[in-house]
Amino acid sequence: SDVKICKIEDLTPPFDFNSNGFPRSADVFPATGSPKFLVLPMDFPDIRYKDSDLERLKTATTEVADLYKRISFNKLNLNFIYPDRKNWVVMEKYTSDYQMHRNIPQYNREQAVIDAVALASADINFDQYDAVMFETPFWNDFGGAQAFAHTVYKAKNGSAKRVSLDFGAQTASVLAIAHEFGHSLFGLEDIYLFQQYLAGAGTTTPAGPWDFMTASMTELFGWSKFLIGFIDDADVRCITNQADVTTYIANIDSIKDPKLTLINLGAGKNLVLEARSLVANSQELLVYEVDTSKPHGGGPITAADKLLEKGQSKTYGNFKLTVVDTDSEGLLVNVLKVG
């Protein structure tokens, strides 16, 4: 079917510009190019920013650049720019003034960003950068990260946009940085459950470990890549009412296509099929449901517990899925309508 049918609309009110459907916000960053990120260390009166913090951060940002280059199929090249030490932000308040040592679920630490932008040197022209990362020193007792995707902060020289903050134990974390970029650049939703987090039940997710918007794997769902634009319409197969279809799916990291098969289940709902390789030269089928009637932080993606291997079948609603064959780069899957 026409892929437009499977480009489902987000049926929940937007959380800033985060969305799990189409069309995408005009404010999201393009899927291609070489954006420039200003990385600003924050020096606090109680915890100074050390050379070891900077070394860890430079290692992490190099890994994040490599990660985004890989998952974008070489479409995106992130450039991280570090100012001279004299232009690091010297904060006036203590880390504790921003509740940076307390685990307060969904606590908004935007005031730290507001203060940091106001204190930033006039020698820095924020208008020269596509995004800004504020990084505190590392400490052990607690840490976190937050993106301020849709807010522009006026500085002495220009304005800071697509801002993110990493603090404490989450500084120089590849997963934390990549996750917040998913918000601040591309408008991706959190796919873990806020209510479980608020109840102290952890950040377990019905989406499983397959996507770093759950902060647990250095990969994205094919659906997330489709939303961003790393996967194009031509890389996708859309199924609606077809009774019996066998289609090839290339591994999610392969340069081959198609990389994604979508089965439209109705308004705001798709069943998504993609090929993953957990063992070298072995391809298995990952199946998950995208339901845009579930909001940001409400579990909009539900993934199967196990991947399907060659010869295995499983029925999801009215569709029976069978992995017919595999090779080193992808698999053949049969989609049979049974209801």
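Quick look at the structure, then. What you see is a predicted model; the values in this text were computed from it and never measured. All chains use their own residue numbering, which begins from 1 and follows the written sequence. Predicted model: local features are reported for residues with pLDDT of at least 70 only, side-chain atom pairs are reported and counted for 80 or more only, and whole-chain, interface and lining totals are derived from all residues. Derived side-chain values reflect all non-hydrogen atoms in the structure, with water molecules and hydrogen atoms excluded from consideration.

## Structural notes on the nonpolar core
To define a nonpolar core, start from buried Ala, Val, Leu, Ile, Met, Phe, Trp, Tyr and Cys residues and group those joined through side-chain atoms within 4.5 Å. A simple rule labels every residue: compare its accessible area, found with a 1.4 Å probe on the protein chains alone, to the largest value its type can have, and call it buried under 20%, exposed over 50%, or partly exposed in between. Core analysis: the biggest nonpolar cluster contains 57 residues, and Tyr68, Phe181, Trp223 and Tyr288 have the highest contact counts within it. By definition, residues are in contact when any of their heavy atoms lie within 4.5 Å. Aside from chain neighbours lying at most four places away, what touches Tyr288 is Phe221, Gly222, Trp223, Leu260, Asn270, Leu271, Val272, Glu274, Ile301, Thr302 and Ala303. Counting residues in each nonpolar core, the second largest holds 28 residues, with Val89, Phe126, Phe148 and Val163 among its members.

## Here we look at helix 2 (residues 51-71)
Numbered from the N terminus, helices here are DSSP runs of H or I no shorter than four residues, and strands are runs of E no shorter than two. Every helix has an expected span of 1.5 Å times one less than the residues it contains. With 21 residues, helix 2 should reach 30 Å at 1.5 Å per residue; the first-to-last C-alpha distance of 31 Å fits that figure. Taken as a whole, helix 2 has its buried residues at Asp53, Leu54, Leu57, Ala60, Thr61, Val64, Ala65, Leu67, Tyr68 and Ile71. Axial view of helix 2: buried residues confined to an arc of 160 degrees, hence all on one face. Every exposed residue of helix 2 that faces more than 90 degrees away from the buried side is listed here: Glu55 and Asp66. Considering only its buried residues, helix 2 is in contact with strand 1 (36-43), strand 2 (79-81), strand 4 (131-135), helix 4 (174-184) and helix 6 (222-228). Taken from the helix axis, the directions to the C-beta atoms give the arc we talk about.

## Concerning the sheet that holds strand 10 (residues 244-250)
With antiparallel pairing, the four strands of this open sheet are ordered in space as 10-17-16-15. Of all the strands in the sheet, just strand 10 and strand 15 (313-316) have a single pairing partner and so form its edges. The average angle at which neighbouring strand axes cross in this sheet is 25 degrees, direction not considered. Bridge analysis of strand 10 against strand 17 (residues 330-337) gives seven bridges, and the strand direction is antiparallel. What sits directly across from Thr246, in strand 17, is Asn334. One requirement defines pairing of two strands: DSSP has to find at least two bridges between them. Orientation is described by lines fitted to C-alpha atoms, with helices fitted over the stretch in contact, and by angles between N-to-C directions that extend from 0 to 180 degrees.

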